[in-house]
Amino acid sequence: MLLATLLVSACGRKAVVTELSIVPEPVFLVQKEGSFALHNNPKVSVVGLGQNSATVKYIMKSLRHAHLRPKLVTAAEASDIALVLYDTVNPELGDEGYLLEVRGTGITLRANSEVGIFYAYQTLVQMMPHDATEVVYSSVTLPECTVLDHPRFAWRGVHLDVSRHFFGSKFVKKYLDVMATYKMNRFHFHLTDDHGWRLPSEHYPLLNSVGSWRVDREDQPWGQAEPPREGERASYGGYYSREELEEIVQYAADRGIEVVPEVDIPGHASAILASYPELACDEGPYEVAIGPYWPPKAILCAGNDSTLAFLRTVLDEVCDIFPSRYIHLGGDEAFKDNWLQCPRCQQRMREEHLKDVGELQAWLMGQMQQYLASKGRIMIGWDELMERGGGTWSFEGATYDNNPHVDNSAVVMSWRGLKPGLTAARMGHKVIMCPTEYCYLDYYQADRRYQPAAIGGLVTLQKAYEFDPAPMGTNLHVEANVLGGQCNLWTEYIRTPQHAEYMLLPRLLAISESLWTPRERKDWARFRRKVEVQKERLALRGYNYCEGSFTPQFTARRVDEGTTNIAISTEVPNTYIFYTTDLSTPTRESNIYLGPINLARGTHIKILPVYKDIERDSVYEFVIK
Ligand code: ACM
Ligand code: ZN
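Here goes a summary of the coordinates provided. Treat the numbers as computed from the prediction; the structure is a model and nothing was measured.

Overview of the overall build of the protein chain
Then, number 1: Each helix and strand in the protein chain was counted, giving 17 helices and 29 strands.
Then, number 2: For 625 residues, the compact-globule estimate of 2.2 N^0.38 gives 25 Å, and the C-alpha radius of gyration of the protein chain, at 27 Å, lies within 12% of that figure.
Then, number 3: For the C-alpha atoms alone, the extent of the protein chain along its principal axes is close to 80 × 75 × 50 Å.
Then, number 4: Relative to its full complement of 625 residues, the protein chain shows a buried share of 60%.

Considering the coordination of the zinc ion (ligand 2)
Then, number 1: Protein coordination at the zinc ion (ligand 2): the donors are Cys 281 (SG), Cys 301 (SG), Cys 342 (SG) and Cys 345 (SG), at 2.3 to 2.4 Å from the metal.
Then, number 2: Geometry at the zinc ion (ligand 2) is tetrahedral, judged from its four donor atoms and the angles of 107 to 112 degrees they form at the metal.
Then, number 3: When the donor residues of the zinc ion (ligand 2) are listed from N- to C-terminus, their spacing reads C-x19-C-x40-C-x2-C. One end of the pair, Cys 301, is in the loop between helix H6 (270-275) and helix H7 (305-321); the other, Cys 342, is in the loop between helix H8 (337-341) and helix H9 (343-352), with 41 residues separating them in the sequence. Here the two residues Cys 301 and Cys 342 agree in accessibility, since each one is buried.

Things to note about the side chain of Lys 535
Then, number 1: Checked against the element boundaries, Lys 535 lands in helix H17 (residues 524-540).
Then, number 2: Here Glu 532 takes part through its side chain, which lies 3.0 Å from a polar atom of the side chain of Lys 535.
Then, number 3: A polar contact is formed between the side chain of Lys 535 and the side chain of Glu 547, at a distance of 2.8 Å.
Then, number 4: Once residues within four sequence positions are removed from consideration, Lys 535 is found in contact with Tyr 545, Cys 546, Glu 547, Val 572 and Tyr 611.

A few points about the pairing of strand S23 (residues 563-569)
Then, number 1: Of all seven residues making up S23, five are buried, and the element is well covered by its neighbours.
Then, number 2: For strand S22 (residues 553-560) and S23, the ladder comprises seven bridges, and the chain directions are antiparallel. Looking at S23, one finds that Gln 553 is bridged to Ser 569.
Then, number 3: Linking two consecutive strands that pair antiparallel, namely S22 and S23, is a turn of two residues.

Quick look at the packing of aromatic side chains
Then, number 1: One pass over the structure, following the stated rule, counts 26 aromatic pairs.
Then, number 2: On the basis of an interplanar angle of 50 degrees and a centroid distance of 5.8 Å, the ring pair of Tyr 465 and Trp 524 is categorised as tilted. Of the two residues, Tyr 465 sits in helix H13 (residues 461-465) while Trp 524 sits in helix H17, which places them 59 residues apart along the sequence.
Then, number 3: Cluster of aromatic residues (ring-pair linked, three or more members): Phe 166, Phe 167, Phe 171, Tyr 175, Phe 187, Phe 189 and Tyr 240.
Then, number 4: The ring of Tyr 251 carries Arg 255 above its face, with NZ or CZ at 3.5 Å from the centroid.
Then, number 5: Looking at Lys 522, its charged tip hangs above the ring of Tyr 465, at a distance of 4.6 Å from the centre.

A few points about a nonpolar patch on the surface
Then, number 1: A cluster of nonpolar side chains, namely Tyr 576, Ile 592 and Leu 594, defines an oily patch on the protein surface of about 360 Å² accessible area.
Then, number 2: By secondary structure assignment, the location of Tyr 576 is in strand S24 (residues 576-580).

What about the sheet that holds strand S17 (residues 326-330)?
Then, number 1: Pairing within the closed barrel is parallel, and its eight strands lie in the order S10-S11-S16-S17-S18-S19-S20-S21. On average, each strand axis in the sheet is tilted by 30 degrees relative to the strand beside it, whichever way the strands run.
Then, number 2: Here strand S18 (residues 378-382) pairs with strand S19 (residues 411-414) via three bridges, running parallel. Pairing of Trp 382 across the sheet is with Met 413, part of S19.

Concerning the side chain of Thr 436
Then, number 1: Mapped onto the fold, Thr 436 is located in helix H12 (residues 436-439).
Then, number 2: A relative accessible area of 18% means that Thr 436 is categorised as buried.
Then, number 3: Here Thr 436 is in contact with Trp 415, Tyr 443 and Val 459, once residues within four sequence places are set aside.

Describing the pattern of salt bridges
Then, number 1: Applying the stated rule across the entire model yields 39 salt bridges.
Then, number 2: Its salt-bridge partner being Asp 383, residue Arg 416 comes within 2.7 Å of it at the nearest N-O pair. Taken together, the residues Arg 416 in the loop between S19 and helix H11 (419-426) and Asp 383 in the loop between S18 and S19 connect sequence positions 33 residues apart. Neither Arg 416 nor Asp 383 differs from the other in exposure class; each is buried.
Then, number 3: Residues Lys 530 and Glu 513 are paired through a salt bridge, measuring 3.0 Å at the closest nitrogen-oxygen approach. With Lys 530 in helix H17 and Glu 513 in helix H16 (residues 507-516), this pair connects stretches of sequence that are 17 residues apart. Residues Lys 530 and Glu 513 agree in their burial class; the two are buried.
Then, number 4: Each member of the salt-bridge network shares a partner with another, and the members are Glu 25, Glu 513, Arg 521, Arg 526 and Lys 530.

Considering H9
Then, number 1: Those residues of H9 lying buried are Cys 345, Arg 348 and Met 349. The buried residues of H9 occupy an angular sector of 100 degrees when the element is viewed end-on, so they sit on one face. H9 presents Pro 343 and Arg 350 as exposed residues on the side facing more than 90 degrees away from its buried surface.
Then, number 2: Immediately downstream of H9, the backbone of His 353 shows phi near 55 degrees, a positive value.

Criteria and thresholds
Residues numbered from 1 in each chain as written. Chains lettered and ligands numbered in written order. Predicted model: local features only at pLDDT ≥ 70, side-chain atom pairs only at ≥ 80, totals over all residues. Heavy atoms only, no water. Helix = DSSP H or I, 4+ residues; strand = E, 2+ residues; numbered from the N terminus. Rg over C-alpha atoms; globule rule 2.2 N^0.38 Å. Buried < 20%, exposed > 50% of the residue type's maximum accessible area, 1.4 Å probe, protein only. Donors = N, O, S within 2.8 Å, 3.2 Å for Na, K, Ca; no water. Tetrahedral: all angles 85-135°; square planar, octahedral: opposite > 155°, others 65-115°. Polar contact = N/O pair within 3.5 Å; in protein donor to acceptor, adjacent residues only side chain to side chain. Contact = heavy atoms within 4.5 Å. Pairing = 2+ DSSP bridges. Phe/Tyr/Trp six-rings, centres within 6.5 Å; stacked < 30°, edge-to-face > 60°. Lys NZ or Arg CZ within 6 Å of the ring centre and 35° of its normal. Patch = residues over 30% accessible without salt bridge, like charges linked within 9 Å, V, L, I, M, F, W, Y side chains within 5 Å. Areas by Shrake-Rupley, 256 points an atom, 1.4 Å probe, with all protein chains shown as cover. Salt bridge = Lys/Arg side-chain N within 4 Å of Asp/Glu carboxyl O. Axes fitted to C-alpha atoms, helices over the stretch in contact; angles between N-to-C directions. Arc of directions from axis to C-beta.

Structure follows, in structure tokens:
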């Protein structure tokens, strides 16, 4: 068992940690016999990094937040916690790895980089009692141990759509905090879409006065939002100020996270075209979209030079605010019907010798890639980027050749399965994997009959845990081009921070372990137990989360002609299963499942899961075959 167990004596309030529960699971962890008692005024020494560095400041603040009274001492003095940056690189640890040692004499965190020290500290925090932020212990006794750790993938991303619903910077920071806890290092900020433009613009002010606002239908289900009435005021939305974005970038950087902004072009452009209809192929009119806007036909005119000038200026503004190496330009789900009819788009195709509207999109993305490259930035696109051409809708008739207009320095984000990413990787692109079936956190996570409305699909915690961006058998040359993966949180159905957290957690933990931990160290049985411990931590830190899927899972074994032996479980440990086989509705008075049972074929079994003393969902019914 790896669950953290604590012995807390009531009077002295000393905590003794005997078992460790770290997410993501470290590469190497050994626990030893001895222990170290961390009292509540620890001395902290720092070697190789400045006492005013972001990481040291973060650690001191975090210790104080845990009601400790840490004191910085010189490196020469004895300390309880030593933060040590190697002066010669330790090749085993790489850029983000660390070595954490708890010995009888103290705790040492070593790394090649500040972020490595930061991650070592995150691991140390997870070793501490989960209520250490709430309760003053006179000391916490930790087991002697060694943790040597480094990530499997360099790109460990989390996406947030702030267009469909707008989330203020306070929540964005809370989101970054939980990302950092689980060692995620890229924040994909989906800032523009049909439903609202969230970037500040000096050069194109209508993007903010018009494009950031839509008619408020928050009182209606997303799927049934009424269209706007004549003259109705657009009052839902908003946008970030430049200062807020700069603060977010700094806040993220202090936690080892790079903010990667996305401006989605050429489709998903309603908010742009509502602001500047002259950038469309036709007369419009266009509105900032409300509710299910599908197909998303609003598309920028690729034949109009003003469109390219607009995009270059917007990218100048974006690059001014965001120092990230990568800028995401979307490119997904562009419906190109308008381009077929538009004389300017047709003219562009003749001039540039483009065979169809699919290739016109490929060309436009290529133009923007070149512009970003001239500014020293790398373009990311959704996997449509690989399409050389095709029809008006990317899912029809696209050819998955290498797009000749975009060079291999463009990074491909693979969302329609792993295959487009693996194809791109084979062609020499770097790729980021976020296939819908494992990584779309806007999908349901449990039986939809008992969940808040979501966009569809099903990604249980267990499914998310099966995510592998480079599965066994991927050829090594291809695997080298897989930067990593990420989970995506689209917010059509997510209106509040609490709901966003509910969809993110705990599935984020599964994605984190899938991206950090070596494949052979992943262990679903251990992970699901660790999630139970992490849920308590998350609750104490004020995060909402989903308890998981209570859908019964069966393992069946034939005993004889008429009898089947079944084992029943759910994804969530410590779920009690009550059942009946006489067609009556199960209650907590019914049979309790204690282990595999023999049932006659044709038996109708009804199951009631109970977890934390609450009846979960409703009754599940199955017939034994
Ligand atoms: C996407 O989900 N449209 C990238
Ligand atoms: Zn056009």
